[in-house]
Amino acid sequence: MRNIAVLTSGGDSPGMNAAVRAVVRVGRSAGLTVYGVKRGYEGLIHAELEQMPLGSVSNWVNSGGSKLECARCAEMYTVSGQKRAVQTLKNWDIDGLVVIGGDGSFRGASKMVKLGARVVGAPGTIDNDIPGIDNTIGFDTAVNTLTYCINQLRDTAESHQRTFVVEAMGRHSGHIALHAGISGGADIILVPEITWSEKKVVKMVQRRIDQGKKFHLIVMAEGAGRAIKKPDYKAFDLVDYIDANTAESVTVRGCMPGHIQRGGAPTAADRIYATRCGKAAVEALLAGHNGLMVGELNGQMVEVPMKSATSRSGRRIDRELYNLAMQVS
Ligand code: ADP
Ligand code: F6P
């Protein structure tokens, strides 16, 4: 193995740059030439590659977003797109590729493996929804950012005795909502993996009011509507419902921090994890491994076959943690 390449794909996540930095630094110290691919699969298909010397990643460990840039690439869903991506690797004499992204990116990677490429994945997504591992790069930062948002809202909620519905990112998963909900002291947490109803939410709010509680914080995952078969149901729909079904004295407001959760400097934990993932990915390539993702499970770095990492069911929500959240709320 002489030449490897690295790309970031799907939604950006804080820590992706630290992972690329580790790929470059560990790769170079093993005597490899490392190429950076711009804009994920889009750049691979269109051969946008550049050599990455050691100094090219100076100041990357602390920065959010992706300096290599990310893309969602429609062409990669087609066999001709996948073949073009593999052909670029051949044309540039690249023996192994590190894909930093989420489960969608690994589906694309698996297609390339079937076409003869050597690809190893590193889990870069804020959603923490990849099965087989405990953590993804960017999740910790997103949870901290959302916790900060909830803290900010708590002040107004308390001062004005209001009910706030805060929307967490996660179209298909409630991990950010659950974790930030617990750390932000939310009263109610709604996730796509656990069924709930608007009526029950109003009942819970009412019960709290009856107990003398003056303000309420509800954290709802972006995809929580899936649990009630309303995939397009958003935080502001719940705001309207609570508003219409409680006394006039109950004032409800919504807040959608949105992509704020995906940006910003990575936390120390994400920087360290990203660095470990970058190293493990290069080592997997050097060991001749293929079609797998590296990541942390029970405190250890492990290799997970891409097939399991891309299973449709996603990573399960931690029910024990959810029950605890409800118990202490
Ligand atoms: P993430 O990697 O964060 O889950 P996406 O699901 O958007 O983000 O996937 C990122 C990119 O990976 C897509 O834009 C596409 O180029 C590629 N991809 C996703 N799913 C597939 C698939 N089934 N086959 C081929 N490529 C895919
Ligand atoms: O997968 C990361 C994520 O931020 C999800 O939490 C969110 O549902 C989605 O991407 C948003 O995607 P986009 O930036 O394309 O709107």
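Now for a description of the structure that goes with this document. All values derive from a computational prediction rather than experimental measurement.

Some details on a positive patch on the surface
Now for step 1: A surface patch of like charges, here positive, comprises Lys-111, Lys-114, Lys-307 and Arg-312.
Now for step 2: On the basis of relative accessibility, which here comes to 40%, the residue Lys-111 falls in the partly exposed class.

Description of the site of ligand 1
Now for step 1: Around ligand 1 sit 16 residues in total, of which Arg-72, Cys-73, Gly-102, Gly-104 and Ser-105 are the nearest.
Now for step 2: The contact in question runs from an oxygen atom of ligand 1 to an N or O atom on the backbone of Gly-102, over 2.9 Å.
Now for step 3: A distance of 3.1 Å is found between a nitrogen atom of ligand 1 and a side-chain nitrogen or oxygen belonging to Lys-111.
Now for step 4: When ligand 1 is considered free in solution it has 550 Å² of accessible area, and contact with the protein chains removes 86% of it.
Now for step 5: It is helix α4 (residues 103-114) that contributes the most residues to the shell around ligand 1, 6 residues altogether.
Now for step 6: A breakdown of the residues in the shell around ligand 1 according to their chemical character gives 4 nonpolar, 8 polar and 4 charged.

Concerning unusual backbone geometry
Now for step 1: A positive phi angle, near 70°, is found at Asn-59, a position not held by glycine.
Now for step 2: When you line up the elements, Asn-59 lands in the loop between β3 (49-51) and α3 (79-91).
Now for step 3: Under the relative-accessibility criterion, Asn-59 is labelled exposed at 63%.
Now for step 4: Unusually for a residue other than glycine, Gln-161 sits at a positive phi of about 50°.
Now for step 5: Looking at the element boundaries, Gln-161 is found in the loop between α5 (139-160) and β6 (162-168).

What to know about the packing of helix α1 (residues 16-29) against helix α9 (residues 268-286)
When two helices pack together, their arrangement is given by the angle between the helix axes and by the axis-to-axis distance.
Now for step 1: Where α1 contacts α9, the two axes come as close as 7 Å, and the packing angle between them is 40°. In terms of axis orientation, α1 runs oblique to α9. With respect to the hand of their crossing, α1 and α9 are arranged in right-handed fashion. Residues Ala-18, Ala-19, Ala-22, Val-23, Val-26 and Gly-27 of α1 form the contact with α9, whose participating residues are Arg-271, Ala-274, Thr-275, Gly-278, Lys-279 and Val-282.
Now for step 2: Residue classes in the contact of α1 with α9 are distributed as 7 nonpolar, 3 polar and 2 charged.

About the cut-offs
Residues numbered from 1 in each chain as written. Chains lettered and ligands numbered in written order. Predicted model: local features only at pLDDT ≥ 70, side-chain atom pairs only at ≥ 80, totals over all residues. Heavy atoms only, no water. Patch = residues over 30% accessible without salt bridge, like charges linked within 9 Å, V, L, I, M, F, W, Y side chains within 5 Å. Areas by Shrake-Rupley, 256 points an atom, 1.4 Å probe, with all protein chains shown as cover. Salt bridge = Lys/Arg side-chain N within 4 Å of Asp/Glu carboxyl O. Lys, Arg positive; Asp, Glu negative; His and termini not counted. Charge placed at Lys NZ, Arg CZ, Asp CG, Glu CD. Buried < 20%, exposed > 50% of the residue type's maximum accessible area, 1.4 Å probe, protein only. Near = heavy atom within 4 Å. Polar contact = N/O pair within 3.5 Å; in protein donor to acceptor, adjacent residues only side chain to side chain. Helix = DSSP H or I, 4+ residues; strand = E, 2+ residues; numbered from the N terminus. Nonpolar A, V, L, I, M, F, W, Y, C, P; charged D, E, K, R; others polar. Axes fitted to C-alpha atoms, helices over the stretch in contact; angles between N-to-C directions. Parallel < 35°, antiparallel > 145°, perpendicular 65-115°, else oblique. Left-handed = near helix turned anticlockwise from the far one by under 90°. Contact = heavy atoms within 4.5 Å.

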